[in-house]
Amino acid sequence: MNRKENGMKKYDLINGAAAREEALRLLTPDELVTMNLFELIFSFPEASAWTDHESFIIGQSNEKTPIWMWLSERCGSESAECAADIIASRLEVSPNVHLNAVSHRCRETLEYTERKGFRSHRVMDMNAYVCDRVISPECSGEAVFSSEEDRPAMASLLKQLCEDGEHTVISQEDADNFAAASVGRPELFLWKDGGRVCAMAMIAHRSASSARINTVVTDRAVRGRGYAGMLVSHMCEKLIGEGVSPMLYADAANPSSNRAYRKIGFEKVGEITEFGFKKI
C-alpha cells in the first residue's frame, strides 16, 4: 500500500486483492452489481486501485484498459478533485482510455478533469441488470456448445453485434479469429433451432458469487422471435442452479433489448456511463 497526498486529501494506491475487499466494504449490493467490472479488474494481481477509503475507488487492470470509478453519493469537492487528478494522470499515460462511472455522481469530477486538460464526452449509457429468478419463455430449439461447423455462423454473429450494437466494423479476419478461438469454450453458448444457429451469448467473467453475460446477439434474419431470451434464460437457470447471480449490461438506447431482459426476469439495479476524452 502506497500512501499518496493530493493537497490536503490523502489516498492509497492498493493492489487488486485489497481493492476487492475495499469495494465489498464500501459499496451496497446493488452498487457491486452495477460496478461488476471491479470483479474482473481486481482479479488481476497487477491491477491498480486508488481509494481514499471513504468517497471513491478507481480501478484499472493496466494502463491501456478502461478505468472504472465508484464515487459515493456524499463525495465532496475535495474528493472529486482528487479523483480527477488520478483520472488525468491515467489519461496522460493513455489518452484513448475510456472511463466508466455513474453519470450523476461524477459531474464534478469530470469538471475538474477538464480543468486538468481532458474534456469528456459520452460514449454509451448502460443499464445494469441482475437476475435472481428466471421467467422461462416458451422455447423453440435448444442451447448447445459450439463446434467446428459453427465457426462461420459465430463469425457472422460477432460482425452483426459490432455493426448493430456497437456501431463499429470489424474485419472478417478478426471475426474468424474470434470464432476459431471460441469453438468449444464452455463459456460460449449457441441457440439452435432446426439445426440453424440463431443466437449467441457468452459468460464474460465469473466469480464465486456472480457471472457477467455479454456478446448477446441474434442473427438478423430471425430477430423478433425471442431466441436471445431463450438462450440467456437457459444460461441464467444454469448459473442460478450453481449458486451464482447472473448480471449483464444493456445499451440504454436500445429499448427492445432492455424489454427482452426484463421479460425473462432481469431487474435493473443501476446505470453506468462510458466516457471518452479529448486532450485540450
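For the structure itself, look to the data block above.
Quick look at the structure, then. In this text, all values refer to a predicted model and were calculated from it rather than measured experimentally. (Residues numbered from 1 in each chain as written. Predicted model: local features only at pLDDT ≥ 70, side-chain atom pairs only at ≥ 80, totals over all residues. Heavy atoms only, no water.)

Here we look at the pairing of strand 11 (residues 210-218)
- Within strand 11, 8 of the 9 residues are buried, which leaves the element mostly enclosed by the surrounding structure.
- Relative to strand 11, strand 10 (residues 196-206) runs antiparallel, the two sharing 6 bridges. Note that in strand 11 the partner of Arg206 across the bridge is Ala211.
- Turn length for the strand 10-strand 11 hairpin, with the two strands adjacent in sequence and antiparallel, is 3 residues.
- With helix 8 (residues 227-241) bridging strand 11 and the parallel strand 12 (residues 245-251), this β-α-β connection has right-handed handedness. (Buried < 20%, exposed > 50% of the residue type's maximum accessible area, 1.4 Å probe, protein only. Helix = DSSP H or I, 4+ residues; strand = E, 2+ residues; numbered from the N terminus. Pairing = 2+ DSSP bridges. Right-handed = clockwise from strand over helix to strand, strands pointing away.)

Comments concerning the packing of helix 4 (residues 77-93) against helix 5 (residues 107-115)
- Close contact between helix 4 and helix 5 brings their axes to 8 Å; oriented N to C, the two are set at 50°. With respect to each other, helix 4 and helix 5 are oriented oblique. In the packing of helix 4 onto helix 5, the handedness of the crossing is right-handed. Residue-level inspection shows Ser77, Ala80, Glu81, Ala83, Ala84, Ile87 and Leu91 of helix 4 in contact with helix 5, the latter providing Glu108, Thr109, Tyr112 and Thr113. (Axes fitted to C-alpha atoms, helices over the stretch in contact; angles between N-to-C directions. Parallel < 35°, antiparallel > 145°, perpendicular 65-115°, else oblique. Left-handed = near helix turned anticlockwise from the far one by under 90°. Contact = heavy atoms within 4.5 Å.)

Overview of the pattern of salt bridges
- Tallied over the entire structure, the rule returns 20 salt bridges.
- In this structure, Asp164 and Arg223 form a salt bridge, with 2.9 Å as the shortest nitrogen-oxygen distance. One end of the pair, Asp164, is in helix 6 (residues 151-165); the other, Arg223, is in the loop between strand 11 and helix 8, with 59 residues separating them in the sequence.
- Glu242 is the salt-bridge partner of Arg206, the closest N and O atoms lying 2.8 Å from each other. Linking Arg206 in strand 10 with Glu242 in the loop between helix 8 and strand 12, this pair joins segments that are 36 residues apart in sequence. (Salt bridge = Lys/Arg side-chain N within 4 Å of Asp/Glu carboxyl O.)

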